[in-house]
Each structure stands twice: as structure tokens, then as C-alpha cells.
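Listed below, chain by chain, are the residues.
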Amino acid sequence: MRKPFLAGNWKMNLDRRSGVALARTLAARSVTWSGREVAIFPAFVYLDEIVRATAGSGVRVGAQNLCDEKSGAFTGEVSAAMLKDVGATLVLCGHSERRHLYGEDDRLVNRKLHAALSQGLDVILCVGETLEERKSGSTEARLSRQMTLGLAGVSAEDLARITIAYEPVWAIGTGVNASPAQAGEAHTYLRGLLSGLYGESAAAAVRIQYGGSVKADNIQTLMRAPNVDGALVGGASLQSESFLGIVEVAL
Ligand code: PGA
């Protein structure tokens, strides 16, 4: 059985005070959570403090991005070793905003993923089609390419440290979530791809989160769709009531 995994991507939101307060609230409530995994992704500059605010709780802390290089003259970048050093245990790779606003292609996403794995960080690999791709019937081709190139060189053993997030670009931050049928179809296709790459039993163990306008009032129906094992939440993860509403009904 796959343990439901709910993650909050804070993006470039919340300041020190509000981030720490939110992290403390979640950490305190985490004693009542069983059978699910929860992670939050604050901005780099607050990671250290948020890791301390959640120490010993059921809340994991991850970074939204990392550099594909180990160290050196890469002004403005943050390495996997630095993330590990401050206590982050996971990282997002290939989020739609990195791909579309900052031009990250599948090969760079793959190098970042390997940089993370080499430092023992777990990874959430984000994939998803644009509206044009969906309309033109190329959703599966896009997902296949993102998965094959994104996971290139990843061993079956390392696959156990990877979660996939299916985030259709048209659903992110728009208030228009994929229907449970659309999510179920895409997730089932993604698991099939994993099966082709790694075999059925390795594929069956991988969590596939849905992301894109997830809220407390749609999470339950989305999670009833086949192969939906949790959610990557943006906007609704910025306030304790809305994120707790998602975490606490998602089983
Ligand atoms: P959203 O963002 O929940 O605000 O749509 C999801 C994401 O980008 O991970």
C-alpha cells in the first residue's frame, strides 16, 4: 500500500514570521496524523529556521529547487549538499514554473535530480502538459518525454526515493483542477510508464501526487481516482486551516 503524501509548495510566499508560525502549527498537529506523509517547501532563506521549527515532528522540509552542480563559481545557486547541511530531506525537481518561467528543460531537470539523489535527498519530480498540448492530444507524448528524460540513469533502487507529481500546467494556480477522471487517466498512464521502465512491482510502490488547484473540498474526490496517492499543493498550503483541511481529509 502506498502511504498518501501531501506536500505544500510555498513558492515565493510567506515571510520569516508567518512561515515559522505556519510550520509550528503543522508540527504541533502532526502528532494526530497517522498513515500519511506531509512535507512543506519554504523559500531557501528560511529552510534552516523551518527545519528547526519542525524538528522531531511529522512534518518534512524540502527545497523548491537546487543547482545541478556540486560547488564552485555558480553565483546565486544552492547545492544539494547545502540543502542537506541545513536539514532539508527532499527537493522539487522540474516544477512547471521552473520549466516555463526559467527555461529548465528535461535534461537539466535530470541533472538536478541526480545531484539531489547523490546527496541522499528524496525528490518530487513534477511533470504535466500545457493546455495546448492537452487540446492537441499530445498529453501522453509530453508526459512520456518528461518521465523518460527526467528519470534517465535512475536505478530501480533510487526510484524508491522519488515521488512523481502530475501537475497539468493549466490547473496550476487557476482554480480549475483536473477532474478526477482526467487525473486518474493521467496517473494510470504515468504508472504504466514506470512499469515499462522499472517493472510492475517497483512501479507499484511509487507515489504519484496530483497538483493544480487542490483544495480541501476537492482533495477527497481526486484521491479516490485510480493511482492518485496524494497532492502537491500551492496556494492552499499557505494557511494552516486550508492546508490542514487537505491533510486531514486525505486518506
Ligand atoms: P496551486 O499550485 O495549488 O496553487 O494550483 C500547485 C503547484 O504549483 O504545485
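For the structure itself, look to the data block above.
Quick summary incoming for the structure in this document.

What counts as what
Counting restarts for each chain: residues are numbered from 1 in the order of the written sequence. Note on the predicted model: pLDDT of at least 70 is required for a residue's local features to be given, and 80 or more for side-chain atom pairs to be given and counted; whole-chain, interface and lining totals, by contrast, use all residues. Think of the side-chain values as coming from all heavy atoms in the structure, minus any hydrogens and water. As used in this record, nonpolar core signifies buried Ala, Val, Leu, Ile, Met, Phe, Trp, Tyr and Cys residues forming a set joined through side-chain atoms within 4.5 Å. Burial classification: accessible surface area is computed with a 1.4 Å probe over protein chains only, and a residue below 20% of its type maximum counts as buried, one above 50% as exposed, and the rest as partly exposed. Counting from the N terminus, the helices are DSSP H or I runs at least four residues long and the strands are E runs at least two residues long. In this description, contact between two residues means that some pair of their heavy atoms is separated by no more than 4.5 Å. Criterion used throughout: strands pair if DSSP finds at least two bridges between them. Axes here refer to lines fitted to C-alpha atoms; in helices the fit is confined to the stretch in contact. Angles between the N-to-C directions go from 0 to 180 degrees.

### Quick notes on the nonpolar core
Core analysis: the biggest nonpolar cluster contains 67 residues, and Leu125, Leu151, Ile164 and Leu194 have the highest contact counts within it. Residue contributions to this core peak at 6 residues, all from helix 9 (residues 180–198). Ignoring any residue separated from it by four or fewer positions in sequence, one finds Leu151 in contact with Asn110, Leu113, Leu125, Gln146, Leu159, Ile162, Leu194, Leu197 and Tyr198. Within the second largest apolar cluster, 10 residues are counted, among which are Ala7, Phe41, Ile124 and Leu232.

### Considerations on the pairing of strand 6 (residues 162–166)
Among the 5 residues in strand 6, 5 count as buried, and that is most of the element. Where burial is concerned, the two faces of strand 6 agree: the one with Ile162, Ile164 and Tyr166 and the one with Thr163 and Ala165 are both buried. Sheet analysis places strand 5 (residues 122–127) next to strand 6, joined by 5 bridges and oriented parallel. Bridging across to strand 6, Ile124 finds its partner in Thr163. In this sheet, strand 7 (residues 208–211) lies alongside strand 6 in parallel orientation, the contact comprising 3 bridges. The residue of strand 7 that forms the bridge with Ile164 is Ile208.

### Looking at the sheet that holds strand 7
Taken in spatial order, the 8 strands of this closed barrel run 1-2-3-4-5-6-7-8, and their pairing is parallel. Going from strand to strand, the sheet's axes swing by 25° on average, the running direction of each strand aside. The sheet contact formed by strand 1 (residues 5–9) and strand 8 (residues 230–233) spans 4 bridges and is parallel. Bridging from a neighbouring strand, Leu6 pairs with Ala231 of strand 8. This element, helix 7 (residues 139–150), spans strand 5 and strand 6 of the sheet and lies at about 155° to strand 5. Lying over the sheet, helix 12 (residues 240–249) contacts strand 1, strand 2 (37–41) and strand 8, oriented at roughly 165° with respect to strand 1.

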